[in-house]
Amino acid sequence: MGDEMTPDEFLPPDARARFDRIRATAREVFGDDYKARDFLVRPHPQLESRRPMALLLTEGDEGVRRVQDILRSHRTAAKG
């Protein structure tokens, strides 16, 4: 009861904020928590096969920008 910690609790506040913003955007783009999570943890070809989540945690605002660009292209393709 209440003894389990989530990965978010281990992240520094700035990384947690970046991750939360992108996770919310991914949910909106993909319309589903599972698909959003899948996008964040799978290697992506536009990121030299790195995982979007890794960029969010290691590259700060630049990582956020790169992941947002990919999500923006997914959103545009879905509307197309």
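Structure first, text after, so check above.
Not measured: the values here are computed from a predicted model.

Trainee: Got a sec to walk through the overall build of the protein? Specific residues and values, please.
Mentor: Of the regular secondary structure elements, the protein holds 4 helices and 0 strands. Ordered by position from N to C terminus, the α and β elements of the protein give α-α-α-α. Across the 80 residues of the protein, 29% fall into the buried class. A separation of at least 24 residues holds for 42% of the contacts in the protein among residues at least 6 apart in sequence.

Trainee: Could you give an account of helix α1 (residues 13–30), naming the residues involved and the relevant values?
Mentor: Relative to the 26 Å expected for 18 residues at 1.5 Å per residue, α1 spans 25 Å between its end C-alpha atoms, a close match to the ideal helical length. Taken together, the buried positions of α1 are A15, R18, F19, I22, A26 and V29. All buried residues of α1 fall inside an arc of 95° around its axis, so they share one side. In α1, the exposed positions that point more than 90 degrees away from the buried face belong to P13 and E28. Taken together, the buried residues of α1 touch α2 (33–41), α3 (52–58) and α4 (60–79).

Trainee: Break down the nonpolar core for me, citing the residues and quoting the values.
Mentor: Core analysis: the biggest nonpolar cluster contains 16 residues, and I22, F39, L40, L56, V67 and L71 have the highest contact counts within it. Listing elements by their share of this core, those giving two or more residues are α1, α2, α3 and α4. Aside from chain neighbours lying at most four places away, what touches V67 is I22, F39, L47, P52, L55 and L56.

Each value, and the rule that gives it
Residues numbered from 1 in each chain as written. Predicted model: local features only at pLDDT ≥ 70, side-chain atom pairs only at ≥ 80, totals over all residues. Heavy atoms only, no water. Helix = DSSP H or I, 4+ residues; strand = E, 2+ residues; numbered from the N terminus. Buried < 20%, exposed > 50% of the residue type's maximum accessible area, 1.4 Å probe, protein only. Contact = heavy atoms within 4.5 Å. Expected span 1.5 Å × (residues − 1). Arc of directions from axis to C-beta. Core = buried A, V, L, I, M, F, W, Y, C linked by side-chain atoms within 4.5 Å.

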